[in-house]
Amino acid sequence: MKAVLIGDPKIQKKAYTSLRLRWPDATVQVAHKTSEGVELVRKIFPDIVLLCGTFLPETIQALRRRNTMPVLGLNHQHKDDEGEVVTALDAGADGYVRL
């Protein structure tokens, strides 16, 4: 499995650890800037993209233009912004998880 994590380093760390524990042979790459993440996705064609605290519609739409892999949003439990979640889902994200 190949995964790309885009966004907040703190959330990325949790997601990276979870992915590596569940799938030890997985290739997990990270990008802190959304533009770097979109380019990384274009290069490696991952099986899944995790948006870590970054749910910009432009980013989701850019990922969707050329790819069909699942795109999930991850965020901290204490952050509760339903509008942000709805916007991400409307832009094409496949789901949202609070860590």
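Just above sits the structure.
Attention in this report is confined to the structure presented alongside it. Numbering of residues starts from 1 in each chain and follows the order in which that chain's sequence is written. Under the rules for a predicted model, residues below a pLDDT of 70 receive no local features and side-chain atom pairs below 80 are neither given nor counted, while totals for whole chains, interfaces and linings still include all residues. Side-chain measures here rest on the full set of heavy atoms in the structure, leaving out hydrogens and waters.

### Some remarks on the layout of surface pockets
Rules: For cavity detection a 1 Å grid was placed over the protein atoms alone, and a set of points counts as a cavity when a 1.4 Å probe fits there but cannot get out; an open set counts as a pocket when protein lies on both sides within 12 Å along at least five of seven lines, with lining residues being those that have an atom within 4 Å of a point. Grid points are joined across faces, edges and corners, and a volume is the space filled by probe spheres set on the points. In this text, helices come from DSSP runs of H or I with a minimum length of four residues, and strands from runs of E with a minimum of two, each type numbered from the N-terminal end.
Looking at the largest pocket, its volume works out to about 180 Å³. What lines the largest pocket is simply Met1, Lys14, Ala15, Ser18, Leu19, Trp23, Ile48, Leu50, Leu72, Leu74, Val97 and Leu99. Those elements that provide at least two residues to the lining of the largest pocket are helix 1 (9-22), strand 3 (48-52) and strand 4 (71-75). For the lining of the largest pocket, the element with the highest residue contribution is helix 1, accounting for four residues.

### Things to note about helix 2 (residues 34-44)
Applicable threshold: Relative accessibility decides the category of a residue: with a 1.4 Å probe and only protein chains considered, values under 20% of the type maximum give buried, values over 50% give exposed, and everything between is partly exposed. Each C-beta atom gives one direction from the helix axis, and the arc is the one those directions make. Here, two residues are considered to be in contact whenever any of their heavy atoms come within 4.5 Å of each other.
Considered for burial, the residues of helix 2 that qualify are Gly37, Val38, Leu40, Val41 and Ile44. In a view along the axis of helix 2, the buried residues occupy a sector of 160°, so they form one face of it. Of the exposed residues in helix 2, those oriented more than 90 degrees away from the buried face are Ser35 and Lys43. Next to the buried residues of helix 2 lie strand 1 (2-7), strand 2 (27-31), strand 3 and helix 3 (57-66).

### A word on the sheet that holds strand 1
This is how it is decided: At least two bridges found by DSSP between two strands are what make those strands a pair. Angles shown run from 0 to 180 degrees and are taken between the N-to-C directions of axes, each axis being a line fitted to C-alpha atoms and, for helices, limited to the stretch in contact.
Strand order in the open sheet formed by five strands is 2-1-3-4-5, with parallel pairing between adjacent strands. The open sheet terminates on both sides in strands that have one partner only, identified here as strand 2 and strand 5 (95-98). Averaged over all neighbouring strand pairs, the angle between strand axes comes to 20°, with direction disregarded. Bridge count for strand 1 against strand 2 is five bridges, and the pairing is parallel. Bridged to Val4 within strand 2 is Gln29. Sheet contacts for helix 3: strand 3 and strand 4; angle to strand 3, the most-contacted strand, approximately 170°.

### What about the pattern of salt bridges?
Our working rule: We count a salt bridge whenever a side-chain nitrogen from Lys or Arg sits within 4 Å of a carboxyl oxygen from Asp or Glu.
Counted under the stated rule, the structure contains two salt bridges. The salt bridge partner of Glu39 is Arg42, with a shortest N-O separation of 3.6 Å. Of the two residues, Glu39 and Arg42 are both situated in helix 2; the distance of three residues between them amounts to about one turn of the helix. Close ionic contact of Asp94 with Arg64 constitutes a salt bridge, the shortest N to O distance being 2.3 Å. Of this pair, Asp94 sits in the loop between helix 4 (82-91) and strand 5 while Arg64 sits in helix 3; the two residues are 30 residues apart in sequence, bridging distant segments of the chain. For Asp94, a relative accessible area of 49% gives the class partly exposed.

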